[in-house]
Amino acid sequence: MPITGDYEGDSAEFVQLLTENQRNLHRFIHSLLLNKEDVEEVLQETNLVLWRVSDQFEIGTNFRAWASTVALNQVRAFIKKRKRNSVLFDEDTITALARRQR
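Keep in mind that what you see is a predicted model, and the values were worked out from it rather than measured.

Procedures and definitions
Residues numbered from 1 in each chain as written. Predicted model: local features only at pLDDT ≥ 70, side-chain atom pairs only at ≥ 80, totals over all residues. Heavy atoms only, no water. Helix = DSSP H or I, 4+ residues; strand = E, 2+ residues; numbered from the N terminus. Contact = heavy atoms within 4.5 Å. Areas by Shrake-Rupley, 256 points an atom, 1.4 Å probe, with all protein chains shown as cover. Expected span 1.5 Å × (residues − 1). Buried < 20%, exposed > 50% of the residue type's maximum accessible area, 1.4 Å probe, protein only. Polar contact = N/O pair within 3.5 Å; in protein donor to acceptor, adjacent residues only side chain to side chain. Salt bridge = Lys/Arg side-chain N within 4 Å of Asp/Glu carboxyl O. Core = buried A, V, L, I, M, F, W, Y, C linked by side-chain atoms within 4.5 Å. pLDDT = per-residue confidence, 0-100. Phe/Tyr/Trp six-rings, centres within 6.5 Å; stacked < 30°, edge-to-face > 60°.

Enquirer: So what exactly am I meant to see when it comes to the overall build of the protein here?
Expert: In terms of helices and strands, the protein carries five helices and zero strands. Start at the N end of the protein and walk to the C end: the helices and strands fall as α-α-α-α-α. Put simply, of all contacts in the protein between residues at least 6 apart along the chain, 61% involve residues at least 24 apart. Carbon and sulfur atoms make up 49% of the accessible area of the protein, which totals about 6700 Å².

Enquirer: Mind showing me how you'd approach helix α4 (residues 63-81) here?
Expert: Since the α-helix packs 3.6 residues into each turn, any two residues three or four apart lie on the same face. Between its first and last C-alpha, α4 extends 27 Å over 19 residues, near the 27 Å set by a 1.5 Å rise per residue. Along α4, the residues classified as buried are Phe-63, Trp-66, Ala-67, Ser-68, Val-70, Ala-71, Leu-72, Gln-74, Val-75, Phe-78 and Ile-79. One side-chain oxygen at the N-terminal end of α4 lies 3.1 Å from the backbone nitrogen of Arg-64; it belongs to Asn-62.

Enquirer: What should I look at first to understand the pattern of salt bridges in this one?
Expert: A side chain with one charge can pair with a side chain of the opposite charge if their charged atoms come near. Counted under the stated rule, the structure contains three salt bridges. A salt bridge links Asp-38 to Arg-82, with the nearest nitrogen and oxygen atoms 3.2 Å apart. Here Asp-38, found in helix α3 (residues 36-52), pairs with Arg-82, found in the loop between α4 and α5 (91-101); they are 44 residues apart in sequence, far enough to count as distant. The class of Arg-82 is partly exposed, set by a relative accessible area of 28%. Residues joined by salt bridges that share partners form a network here, namely Asp-38, Glu-41 and Arg-82.

Enquirer: I'm lost on the nonpolar core in this one. Help?
Expert: If you look at soluble globular proteins, the nonpolar side chains tend to sit buried side by side. Ranked by size, the top nonpolar core spans 27 residues in total, and within it Ile-29, Leu-32, Leu-33, Leu-50, Phe-63 and Val-75 carry the most contacts. Secondary structure elements with two or more residues in this core: α1 (7-20), α2 (22-30), α3, α4 and α5. Broken down by element, this core gets its largest block of residues, nine residues, from α4.

Enquirer: Honestly, the environment of Arg-76 in this entry has me stumped. Any pointers?
Expert: Along the chain, Arg-76 falls in helix α4. The spatial distance from the C-alpha of Arg-76 to the C-alpha of Asp-92 is 10.0 Å, given a sequence separation of 16 residues.

Enquirer: Would you mind showing me how to read the side chain of Asn-47 here?
Expert: Tracing the sequence through the fold places Asn-47 in helix α3. With near-sequence residues (within four places) excluded, Asn-47 lies in contact with Leu-18, Gln-22 and Leu-25.

Enquirer: Got a minute to help me understand the confidence of the model for the protein in this structure?
Expert: Should pLDDT be low for a region, the predicted coordinates there are not to be read in detail. Overall, the predicted model of the protein reaches an average pLDDT of 87, with 85% of residues at or above 70. Averaged pLDDT values over the elements of the protein bottom out at 83 in α5 and peak at 98 in α2.

Enquirer: Honestly, the packing of aromatic side chains in this entry has me stumped. Any pointers?
Expert: The geometry of an aromatic ring pair is captured by two quantities: the separation of the ring centres and the angle between the planes. For the coordinates displayed, the defined rule picks out seven aromatic pairs. Relative to Trp-66, the ring of Phe-57 has its centre 5.1 Å away and its plane inclined at 40°; by these criteria the two rings are tilted. An aromatic cluster of at least three residues, connected via ring pairs, comprises Phe-14, Trp-51, Phe-57, Phe-63 and Trp-66.

Encoded structure:
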């Protein structure tokens, strides 16, 4: 789909990119969290954040890298919120794993 420069065209392309990258985002988040329900929760929150900040994404740039950064930030926020759960990795481990996945 060519970039039209109008909001509707960009919005449609954003939705397409988001949809095409769901599996990659899921895998990326799953590589950082152990629990399936936690992965689903963080993926859902990541999708909401991506949609809210979609106007910050430049069509034609690397969507996967941009979305993975948002996902990493959501994983970090999730860990902080659930810090008492000893099954989760600490933030340094999450950052190291994320670097390996990109």
